[in-house]
Amino acid sequence: MPSAHPYLMLNYMGRSRDIMTLAHELGHGVHQRLAAAQGPILSNTPLTPAETASVFGEMLTFRSLLDKTTDPKQRFALLSSKVEDMLNTVVRQIAFYTFERRVHTARRQGELRTEEINQIWLDVQAESLGEAIISNEGYDIFWAYIPHFIHSPFYVYAYAFGDCLVNSLYAQYEKANEGFAERYFELLKAGGSKHHSELLAPFGLDAKDPKFWSLGLSMIEGLIDELEATNP
Ligand SMILES: [Zn+2]
């Protein structure tokens, strides 16, 4: 409820992954507080901007950590874990989404046996991961460990959407656009009261434009280039 102050309950061992998770969840907390004035019906966002504040918080924290790190080995570790995270957030979640679409489409023809769901899972994973990755025995049932498939079907696309959206937003932020922070706070304060097209217009961004997504994906590409150029 927007009237209640949010709390975070996390495992924290001081590792860089824990710091990124803390930044992520704090982003949700900040978003919730800023949108609280919209009231209980409009403060919650739809899926599209649901992961904006969290992923943006991660990106700011990552850049700050990377800037402070001079040791090449540590930079390599930070960059590779960020690239892995981004691939998980975008490529892997899109594979999850593709899996859901195929399962739901097949379900229209009748009930599915576990073996059929397993096969769809293996097919989609093989397409997504490519030939270099071989699935171990028992991987066929791994779809069952993802709660989103049961509790919030198709939610997973919000991660990929959020990551690409934040990459595009971050690119704007890096250009040090005058008034970026104010516009960003307004976006968060809107909660679920506006469509994403309205939320993004003040930043000159349009999610219907393929260039918007290319910009987001080029950030991942840039980090991979940076990683390849780092010699630990
Ligand atoms: Zn989140």
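Everything here concerns the structure above.
Since this is a predicted model, take the numbers as computed values, not measurements.

S.K.: Mind showing me how you'd approach helix 9 (residues 180-189) here?
M.R.: Side chains that are three or four residues apart share a direction in an α-helix, a result of its 3.6 residues per turn. Among all positions of helix 9, only F180, Y184, L187 and L188 are buried. Angular distribution of buried residues about the axis of helix 9 spans 95 degrees; they occupy a single face of the element. Looking at the packing, one finds that the buried side of helix 9 touches helix 1 (16-35), helix 4 (52-68), helix 8 (157-174) and helix 10 (196-200). Positive backbone phi, at 50 degrees, marks G191, one or two positions downstream of helix 9.

S.K.: Sorry, what's going on with unusual backbone geometry here?
M.R.: Most peptide bonds are trans, and most residues other than glycine sit at a negative phi. In this structure, F154 is a non-glycine residue whose phi angle is positive, near 70 degrees. Structurally, the position occupied by F154 is in the loop between helix 7 (148-151) and helix 8. Using a relative accessible area of 25% as the deciding quantity, one classes F154 as partly exposed.

S.K.: Please clarify how the coordination of the zinc ion should be interpreted in this entry.
M.R.: Ideal coordination angles are 109.5 degrees for a metal with four donors arranged tetrahedrally and 90 or 180 degrees for a metal with six donors arranged octahedrally. Taken together, the protein donors to the zinc ion comprise H24 (NE2), H28 (NE2) and E51 (OE), at separations of 2.1 to 2.2 Å. Summarised as a motif, the one-chain spacing of the donors to the zinc ion is H-x3-H-x22-E. Highlighted residues: H24 and H28, both in helix 1, separated by four residues, approximately one helical turn.

S.K.: Any chance you could explain the side chain of E51 here in plain terms?
M.R.: Looking at the element boundaries, E51 is found in the loop between helix 3 (47-50) and helix 4. Engagement of the side chain of E51 in a polar contact is seen with the side chain of H28, the distance being 3.1 Å. Among the polar contacts listed, one links the side chain of E51 to the side chain of S54, at a separation of 2.9 Å. Once residues lying within four places of it in the same chain are set aside, the contact partners of E51 are H24, H28, Y155, A158, Y159 and V166.

S.K.: Explanation requested: the packing of aromatic side chains in the structure shown.
M.R.: Each aromatic ring pair is specified by the distance between its two centres and by the angle formed by the two planes. Applying the stated rule across the entire model yields 23 aromatic pairs. With 5.8 Å between their ring centres and 70 degrees between their planes, Y97 and F154 make a pair best called edge-to-face. Here Y97, found in helix 5 (residues 72-107), pairs with F154, found in the loop between helix 7 and helix 8; they are 57 residues apart in sequence, far enough to count as distant. Y97 gets classed as partly exposed once you look at its relative accessible area, which sits at 25%. Centroid distance F161 to W213: 5.2 Å. Interplanar angle 70 degrees. Geometry classified as edge-to-face. In this pair, F161 sits in helix 8 while W213 sits in helix 11 (residues 210-229), placing the two residues 52 residues apart along the sequence. Exposure remark for W213: the relative accessible area of 24% places this residue in the partly exposed category. Within the aromatic cluster, the residues linked to one another by ring pairs are F96, F99, W121, Y139, F142, W143, Y145 and F149.

Calculation criteria
- Residues numbered from 1 in each chain as written.
- Predicted model: local features only at pLDDT ≥ 70, side-chain atom pairs only at ≥ 80, totals over all residues.
- Heavy atoms only, no water.
- Buried < 20%, exposed > 50% of the residue type's maximum accessible area, 1.4 Å probe, protein only.
- Helix = DSSP H or I, 4+ residues; strand = E, 2+ residues; numbered from the N terminus.
- Arc of directions from axis to C-beta.
- Contact = heavy atoms within 4.5 Å.
- Donors = N, O, S within 2.8 Å, 3.2 Å for Na, K, Ca; no water.
- Polar contact = N/O pair within 3.5 Å; in protein donor to acceptor, adjacent residues only side chain to side chain.
- Phe/Tyr/Trp six-rings, centres within 6.5 Å; stacked < 30°, edge-to-face > 60°.

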